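Architecture and fold: a report
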Amino acid sequence: MPFVKVIVKTIIVAQLCFLTLFGLAFNLAFAQTAEQRGTEIAIAADQRDSGWKHITADMEMILRNRAGRESRREITNRQLEVDGDGDKSLSLFKQPKDVAGTAMLTFSHGLVADDQWLFLPSIKRVKRISSKNKSGPFMGSEFAFEDLASQEIEKYTYKLLREEACGEGYQCYVIERIPQYENSAYKRQITWIDKVQYRNIKVEFYDRKDSLLKTLEITGFKEYTGGYWRADQFEMTNHQTGKSTRLNWTNYDFESPMDDQDFSQNALKRLL
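Note that the structure is a prediction, hence the values are computed from the model and not measured.

Parameters at a glance
Residues numbered from 1 in each chain as written. Predicted model: local features only at pLDDT ≥ 70, side-chain atom pairs only at ≥ 80, totals over all residues. Heavy atoms only, no water. Helix = DSSP H or I, 4+ residues; strand = E, 2+ residues; numbered from the N terminus. Areas by Shrake-Rupley, 256 points an atom, 1.4 Å probe, with all protein chains shown as cover. Buried < 20%, exposed > 50% of the residue type's maximum accessible area, 1.4 Å probe, protein only. Lys, Arg positive; Asp, Glu negative; His and termini not counted. Salt bridge = Lys/Arg side-chain N within 4 Å of Asp/Glu carboxyl O. Disulfide = S-S within 2.5 Å. Phe/Tyr/Trp six-rings, centres within 6.5 Å; stacked < 30°, edge-to-face > 60°. Core = buried A, V, L, I, M, F, W, Y, C linked by side-chain atoms within 4.5 Å. Contact = heavy atoms within 4.5 Å. Polar contact = N/O pair within 3.5 Å; in protein donor to acceptor, adjacent residues only side chain to side chain. Pairing = 2+ DSSP bridges.

Let us look at the overall build of the chain. Each helix and strand in the chain was counted, giving three helices and 13 strands. For the chain, the accessible surface area stands at approximately 15300 Å², while carbon and sulfur atoms represent 53% of it.

Right under this line is the structure:
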């Protein structure tokens, strides 16, 4: 009988080993890489914020220099969702007087360079922004022109770095994304995306030397018609200059209809 018990035990152990090895092989075959998981999360975040069609909103831009001195600007913004391409946006400066009437129009794309134009009321001309200048500051703020274009999936490669607590009590995915388009000011970006609603909570921007350049913190989320989330405040801090820019958003409107005619070079002039 002891001999039979040994045989039975050996068979059981062999079966367990087989099941363990089979399970390991199964997991290895279907396990995602960090790059695959990061891309999957980015796609999910993009899909969660699709279908809104058009938005208008008001924005207060607060510029702070290294000494903490502030200047303020009032801007109206409209956005149009585009199927199969990047979104379109148009921003008009209302105050102060020295920039009133200045407007920027952006047609976002994937790896193809975004199209951007500025209307300058002082010379009454529409000026195209060169793709080589997209890393420059927008109207003296800490936001670059490239920061203000819609963030199409194909613009970056992605990698899941970790999961951790962040922001206002959120649990977040921490994703590294590397720009794939030309003339970016950034070598890479680190984004914190909340695990429930897939909203960007924070973004770190690293310059071409891979030094931390800026941090964007996004707060005050509210849910609007259609289940779309928008934040009340964007705070961009430049760690290398000591300057910062805060964007305070109000009056989100998802209902007022717009179309392509509202997003053209002629529309820049009609906003005056």
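Quick look at the side chain of Glu81 now. Note that Glu81 resides in the loop between strand E2 (70-80) and strand E3 (88-95). Although Glu81 is buried, it forms no salt bridge, and the closest oppositely charged side chain is Arg230 at an N-O distance of 7.5 Å.

Going through the model one piece at a time under the given rule, you end up with one disulfide. The disulfide partner of Cys166 is Cys172, and the gap between their sulfur atoms is 1.9 Å.

Okay, the packing of aromatic side chains next. Each aromatic ring pair is described using two quantities: the centre-to-centre distance and the angle formed by the ring planes. Applying the stated criterion across every chain, the model contains 12 aromatic pairs. Between Phe93 and Phe138 the ring centres are 5.7 Å apart and the planes differ by 50°, which places this aromatic pair in the tilted class. You can see Phe93 sitting in strand E3 and its partner Phe138 sitting in the loop between strand E6 (125-128) and strand E7 (156-166), a full 45 residues away along the chain. Taken individually, Phe93 and Phe138 each receive the classification buried, so the pair is uniform in this respect. Both rings, one in Tyr173 and one in Tyr198, keep their centres 6.0 Å apart while their planes meet at 40°; by these two values the pair is tilted. Highlighted residues: Tyr173 in strand E8 (residues 170-179) and Tyr198 in the loop between strand E9 (186-194) and strand E10 (200-207), separated in sequence by 25 residues. Residue classification places Tyr198 among the buried residues on the basis of a relative accessible area of 15%.

Bringing the nonpolar core into the picture now. Judged by nonpolar contacts, the single largest core of 40 residues is most densely connected at Met61, Phe138, Trp192, Ile201 and Leu216. Counting residues per element, the ones that place at least two in this core are strand E1 (54-64), E8, E9, E10, strand E11 (212-224), strand E12 (228-238) and strand E13 (244-253). A total of five residues in this core trace back to one element, the largest contributor, which is E1. Aside from chain neighbours lying at most four places away, what touches Leu216 is Phe143, Ile201, Lys202, Val203, Phe205, Phe234, Glu235 and Met236. The next biggest cluster of nonpolar side chains, apart from the first, holds 12 residues, and it includes Leu90, Phe107, Ala267 and Leu268.

Quick look at the environment of Ser50 now. Structurally, the position occupied by Ser50 is in the loop between helix H2 (34-48) and E1. Along the chain, Ser50 and Asp83 lie 33 residues apart, while their C-alpha atoms are 9.6 Å from each other. Ser50 has contacts with Glu81 and Tyr228, leaving out every residue within four places of it along the chain. Of the polar contacts made by the side chain of Ser50, one reaches the backbone oxygen of Asp46; its length is 2.7 Å.

Time to look at the pairing of E9. Burial analysis of E9 places eight of its nine residues in the buried class, which makes it a mostly covered element. With six bridges connecting them, E8 and E9 associate as antiparallel partners. Its bridge partner lying in E9, Ile175 is registered against Thr191. Count of turn residues in the E8/E9 antiparallel hairpin: six residues, of which Asn183 carries a positive phi of about 65°. Here E9 pairs with E10 via seven bridges, running antiparallel. Counterpart to Tyr186 in the pairing with E10 is Asp207. Hairpin connection of E9 to E10: five residues between the antiparallel strands, including Tyr198 at a positive phi of 60°.

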